[in-house]
Amino acid sequence: MGVNGALPAADALLAVDAGNSKTDVAVLSRDGKVLGAARGGGFQPPVAGVAAAVDGLAEIVGRAAADAGVPLSFAHVTACLANADLPVEEAGLERELLGRGWSRSVRVHNDTFALLRAGLDEPRGVAVVCGAGVNCVGMTPDGRTARFPAIGRISGDWGGGGGLAEEAMWFAARAEDGRGEPTELARALPAHFGLGTMYALIEAVHLGRIPHARRHELTPVLFRVAAEGDPVALSLVHRMAEEVVALAAVALRRLGLLGEEAPVVLGGSVLAARHPQLEARIRELLAERAPKAVVRFVTAPPVLGAGLLALDESGAGPEAAERLRGHYAG
């Protein structure tokens, strides 16, 4: 046994869920016990650079290892990382993590896989995450996966919280100046920031008086206006539902799961908010395009999914997975 009754480091597993805004790290035993944990800031290699982003991750990993009472040496590392959108990016991040010497066994996934595994009893199904952006992944027990580049409009993506806010502003601006049809968004969006017109909001955003990071605050305003019956706002909500279902149906088809009962896991801040009109439209469209899909909403922390993947990749049994789920459920 190690310090504080923990397992020796050679028997410990490291699970990382690093999103854009926060990072959770857990040190696990092979039987699914959480030996230590730590939380830190977001993981953004496009902004900080890969090495600097991993330096920040290393600080959090160090605190988790100290909490577990083990040195920085693990039997296996599973890291579910934001901005690891392409296989080539995952491979580069794997090399960077291997270079840190934490383990000879490292597996990097896009962070959507953590959400997916957190919502599944076994590694079989698809997940759609709709937070700041939108993404979808799927997996089967034999190791096959389905995924999309998910790097914005150049890869065919539409929506997410950031995209919905921009679309709402586009329609509101055109409504105010006469290029588009009327919509309550033209009043509600600037009012959220205490402004009287879309022109004033456009100026404040353009000149930086409203920081870019605050644009996401407009997405709940969009959903509120849609719930009040505004046709333009409702059309955007329905478009988001169509994108979610298109992603899910294509992923199910790629994995050969479209014709059988399979879970579709939904998560991220936009979907987790359970907006009635969005959820109803998603269920309606899935009934048409993937009638055997079973919808699940994930509320468990994604680090659970990273931990379950670590156990899967280490050959742990179902008892270990249940023990880990029990920890986060409690």
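Residues numbered from 1 in each chain as written. Predicted model: local features only at pLDDT ≥ 70, side-chain atom pairs only at ≥ 80, totals over all residues. Heavy atoms only, no water.

Draft legend 1. Molecular detail of the overall build of the chain. Check the secondary structure of the chain and you find 13 helices and 10 strands. With respect to the principal axes defined by its C-alpha atoms, the chain has extents near 70 × 50 × 35 Å. The long-range fraction of contacts in the chain, counting pairs at least 24 apart against all pairs at least 6 apart in sequence, stands at 66%. Carbon and sulfur atoms make up 54% of the accessible area of the chain, which totals about 14,500 Å². One finds the centroid of the 32 positive side-chain charges in the chain at a distance of 1 Å from the centroid of its 38 negative side-chain charges. (Helix = DSSP H or I, 4+ residues; strand = E, 2+ residues; numbered from the N terminus. Contact = heavy atoms within 4.5 Å. Areas by Shrake-Rupley, 256 points an atom, 1.4 Å probe, with all protein chains shown as cover. Lys, Arg positive; Asp, Glu negative; His and termini not counted. Charge placed at Lys NZ, Arg CZ, Asp CG, Glu CD.)

Draft legend 2. A look at helix α3 (residues 87–99). For α3, which comprises 13 residues, the first-to-last C-alpha distance of 18 Å matches the rise-based estimate of 18 Å (1.5 Å per residue) to within 8%. Along α3, the residues classified as buried are E90, L93 and L97. An end-on view of α3 places all buried positions within 65° of arc, on one side of the element. Residues of α3 that are exposed and point over 90 degrees away from its buried face: V88, R95 and G99. Looking at the buried side of α3, the elements it contacts are α2 (50–68), β4 (76–81), β5 (106–110) and β8 (145–147). One or two steps after α3, the chain reaches G101, where phi turns positive at roughly 75°. (Expected span 1.5 Å × (residues − 1). Buried < 20%, exposed > 50% of the residue type's maximum accessible area, 1.4 Å probe, protein only. Arc of directions from axis to C-beta.)

Draft legend 3. Looking closely at the sheet that holds strand β2 (residues 22–28). Within the open sheet, the five strands sit side by side as β3-β2-β1-β4-β5. Their pairing is mixed. If you trace the sheet from one side to the other, it starts and ends with β3 (34–41) and β5, each paired once. Strand-to-strand twist in this sheet, taken as the mean axis angle between neighbours without regard to direction, amounts to 10°. As judged from the five bridges shared by β4 and β5, these two strands associate in the parallel manner. (Pairing = 2+ DSSP bridges. Axes fitted to C-alpha atoms, helices over the stretch in contact; angles between N-to-C directions.)

Draft legend 4. Up close: the state of the cysteines. Evaluation of the coordinates by the stated rule reveals zero disulfides. C130 takes part in no disulfide bond, and the closest cysteine sulfur to it belongs to C136, at a distance of 12 Å. A residue is classified by how much of its surface remains accessible, and C136, at 0% relative accessible area, is buried. (Disulfide = S-S within 2.5 Å.)

Draft legend 5. Local environment of the packing of aromatic side chains. Overall, the coordinates contain one aromatic pair when judged by the stated rule. The positively charged end of R239 is found above the aromatic ring belonging to W158, 4.2 Å away from the centroid. (Phe/Tyr/Trp six-rings, centres within 6.5 Å; stacked < 30°, edge-to-face > 60°. Lys NZ or Arg CZ within 6 Å of the ring centre and 35° of its normal.)

Draft legend 6. Just the pattern of salt bridges, in detail. Enumeration over the complete set of coordinates arrives at 20 salt bridges. In this structure, the salt-bridge partner of R147 is E90, at a minimum N-O distance of 2.9 Å. Taken as a pair, R147 in strand β8 and E90 in helix α3 lie far apart in primary sequence, 57 residues in all. The closest approach of N and O atoms between R274 and E279, which form a salt bridge, is 2.7 Å. Residue class for R274 comes out partly exposed when judged on its relative accessible area of 40%. A single network of salt bridges, built from pairs that share partners, joins K22, D24 and R39. (Salt bridge = Lys/Arg side-chain N within 4 Å of Asp/Glu carboxyl O.)

Draft legend 7. Spotlight on the confidence of the model for the chain. Averaged over the chain, the pLDDT score is 93; the fraction of residues at 70 or greater is 97%. Per-residue pLDDT stays below 50 along residues 1–9; that stretch engages in 20 contacts with residues further than four places along the chain or on separate chains. (pLDDT = per-residue confidence, 0-100.)

Draft legend 8. Highlighting the side chain of E90. Exposure remark for E90: the relative accessible area of 11% places this residue in the buried category. If we skip the residues at most four places from it in the chain, E90 touches A84, V108, H109, N110 and R147.

Draft legend 9. Region of the structure containing unusual backbone geometry. Although it is not a glycine, N83 sits at a positive phi angle of roughly 70°. Examined against the element boundaries, N83 turns out to sit in the loop between β4 and α3. The phi torsion at R274 lies on the positive side, around 55°, for a residue other than glycine.

Draft legend 10. Inspection of the packing of helix α5 (residues 160–177) against helix α8 (residues 218–227) at higher detail. Contact pair α5 / α8: the axes reach a minimum separation of 8 Å and the direction vectors enclose 65°. Crossing of α5 against α8: the hand is left-handed. Where α5 abuts α8, its residues G161, L164, A165, A168 and M169 lie against L218, T219, L222 and F223. Looking at the contact of α5 with α8 residue by residue, the classes come out as seven nonpolar, two polar and no charged. (Left-handed = near helix turned anticlockwise from the far one by under 90°. Nonpolar A, V, L, I, M, F, W, Y, C, P; charged D, E, K, R; others polar.)

Draft legend 11. Quick peek at the environment of N110. With respect to the secondary-structure elements, N110 resides in strand β5. In this structure, the C-alpha to C-alpha distance between N110 and R95, residues 15 residues apart in sequence, is 15 Å. Excluding residues that lie within four positions of it along the chain, N110 makes contacts with C80, L81, A84, D85, E90, N135 and R147. A distance of 3.2 Å separates a polar atom in the side chain of N110 from a polar atom in the side chain of D85. (Polar contact = N/O pair within 3.5 Å; in protein donor to acceptor, adjacent residues only side chain to side chain.)

Draft legend 12. How the structure looks around α2. Look at α2: 27 Å from first C-alpha to last across 19 residues, which is about the 27 Å you get at 1.5 Å a residue. Those residues of α2 that sit buried are A53, V54, L57, I60, V61, A64, A65 and A68. Angular distribution of buried residues about the axis of α2 spans 145°; they occupy a single face of the element. Close packing links the buried residues of α2 with β1 (13–18), β2, β3, α1 (45–48), β4 and α3. Residue G69 follows α2 closely and has a positive phi angle near 75°.

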